[in-house]
Each structure stands twice: as C-alpha cells, then as structure tokens.
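Architecture and fold: a report
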Amino acid sequence: MNTMDEKDLIRKLKSGSASAYKELYELWVSRLYGFVYRYVKSEAVTDDIVQETFLRIWSNRSGLNPESSFKSYLFTISWHLLLKELRRQLNHPSMEEYLAYQNGPAISGEYIESNIDFEHFRAALTQAKQKLSPRQREIFELNKEQDIPVADIAARLSINEQVVRNQLSAALKTIRTELQNHAFLLSIFLLNL
C-alpha cells in the first residue's frame, strides 16, 4: 500500500469508518505482532499488547493526523505498552525464568543466580533510595514507580516542573551510581512510559 492510500484510510478512520480501521488493522497487525513478540516471547501477552494498541487507535481516532507517520504512531503506542509490561514483569517472580529463556543455554544458571537476583536488586534499590533527599526520593517514587508525569508531580507538590526535573535528574544520577552492578535490571525499571 502506498502512503497516499494509507493517508486516505486514516482520514476515513478519523471520520469513524470501521472498514478503514479494519484495513489498517490488517495492514499492520502482523508486523506489530512480530515486533512485540520479539520482546515478550509470549503469545498471550503479545495478543494483549497488540489488541490494546489497536483499541487505543480506535479510541483516539479523532486525533489522528493523516499527514503524520501512522507507523510511528502505532509502534510508539505499542512500545509504551510493551515497556509497561516489562516493568510489570520485573516485579514478578517469573521474570527470572523469562530472562533465562531469552538468554538460552549461552548463560549458565550460576550467572543468572549471581547477576539477575531480583531480591538483591530490590534490596539494593531500596538502599540506594535511602541516599536521596526526602524530596528526591518522593519525586523518584512518584515518577518511576507510580508512573506519574512530571507535570502532575509538580501540581501535586505545588512546585515548578523544572524543580521536579532537576530533583529527578539528581535522584537518577545517585540511583545509577549506586546500582552499577544491576545495570540491566535498572535500565528496565527506569524506562519511561
């Protein structure tokens, strides 16, 4: 399908056309499925993320811009849902099994036990947060653990957004320094949604 046809479908979808939605779905679903599955290695989770992505496309159809890249919009929604799922899995006991599956036989059980010890990571994170000022810790937890946007944190705490960003930046610097030995898990944990 050429870009002009896709733009026309987006215009129709924006007007509420279910047939245009179905055509866009059929055009993109297999590529999106492959993209998500590469990360989660679960058909059920992949199905959920893909379905939620397309539900959001339908729900927000009136805001679609036919001149913007639909592919970018679609994959950005999916990427954010994927990151949310990976963060959820990080706090789930089966994450260790998932990583073992991802890394296959190339990584021994001893390596996984010594380097991907989730209880140790959680304890180290708790200890690292103790090195933050009370305000930095509060902002870090609101943003990175509760997924509250900077603007909402600023409003909640009655401070300027730039102050929130500065405090968050300082907190992240400290957390990264303290958790150098847990870089992989920390990178998943710190992903912005």
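Now for a quick tour of the structure. Values in this document were obtained by computation on a predicted structure and should not be read as measured data.

1. Quick word on the overall build of the protein chain
- Within the protein chain, the secondary structure is distributed over 11 helices and zero strands.
- Reading the helices (α) and strands (β) of the protein chain from amino to carboxyl end gives α-α-α-α-α-α-α-α-α-α-α.
- Long-range pairs, those at least 24 residues apart, make up 62% of the contacts in the protein chain between residues at least 6 apart in sequence.
- Here the protein chain has roughly 11,200 Å² of accessible surface; of this, 49% comes from carbon and sulfur atoms.

2. A short note on the side chain of K129
- Mapped onto the elements of the fold, K129 is located in helix α7 (residues 118-129).
- One polar contact links K129 to E141, side chain to side chain, over a distance of 3.1 Å.
- Among all residues touching K129, those that are not within four sequence positions of it are R137, F140, E141, E145 and I175.

3. Overview of the nonpolar core
- Counting residues in hydrophobic clusters, the biggest one holds 25 residues, and the most contacted among them are F54 and L74.
- Listed by contribution, the elements that provide at least two residues to this core are α1 (3-14), α2 (18-40), α3 (43-59) and α4 (70-90).
- Top contributing element to this core by residue count: α2, with nine residues.
- Leaving out residues up to four positions away in the same chain, F54 has contacts with Y21, L24, Y25, W28, V29, L32 and L74.
- With 20 residues, the next largest nonpolar core counts F121, A124, L142 and A171 among its residues.

4. As for the environment of K12
- Relative to the elements of secondary structure, K12 occurs in helix α1.
- Along the chain, K12 and P66 lie 54 residues apart, while their C-alpha atoms are 9.5 Å from each other.
- The residues contacting K12, other than those within four sequence positions of it, are S17 and A20.

5. A word on the packing of α2 against α3
- Following both chains from N to C, one finds α2 and α3 inclined at 145°, their axes separated by 9 Å at the closest point. Between α2 and α3 lies a crossing whose hand is right-handed. The segment α2 lies against α3, with A18, Y21, L24, Y25, W28, V29, L32, Y33, V36, Y37 and V40 engaging E43, V45, T46, D47, I49, V50, T53, F54, L55, I57 and W58.
- Taken together, the residues that form the contact of α2 with α3 break down as 18 nonpolar, two polar and two charged.

6. A look at the packing of helix α8 (residues 134-145) against helix α9 (residues 150-157)
- Interaxial distance between α8 and α9 falls to 10 Å at its minimum, and their mutual angle equals 135°. When the axis of α8 is compared with that of α9, the two are oblique. For the pair α8 and α9, the crossing hand works out as right-handed. Residues R135, E138, I139, L142 and N143 of α8 form the contact with α9, whose participating residues are V150, I153, R156 and L157.

Thresholds applied
- Residues numbered from 1 in each chain as written.
- Predicted model: local features only at pLDDT ≥ 70, side-chain atom pairs only at ≥ 80, totals over all residues.
- Heavy atoms only, no water.
- Helix = DSSP H or I, 4+ residues; strand = E, 2+ residues; numbered from the N terminus.
- Contact = heavy atoms within 4.5 Å.
- Areas by Shrake-Rupley, 256 points an atom, 1.4 Å probe, with all protein chains shown as cover.
- Polar contact = N/O pair within 3.5 Å; in protein donor to acceptor, adjacent residues only side chain to side chain.
- Core = buried A, V, L, I, M, F, W, Y, C linked by side-chain atoms within 4.5 Å.
- Buried < 20%, exposed > 50% of the residue type's maximum accessible area, 1.4 Å probe, protein only.
- Axes fitted to C-alpha atoms, helices over the stretch in contact; angles between N-to-C directions.
- Left-handed = near helix turned anticlockwise from the far one by under 90°.
- Nonpolar A, V, L, I, M, F, W, Y, C, P; charged D, E, K, R; others polar.
- Parallel < 35°, antiparallel > 145°, perpendicular 65-115°, else oblique.

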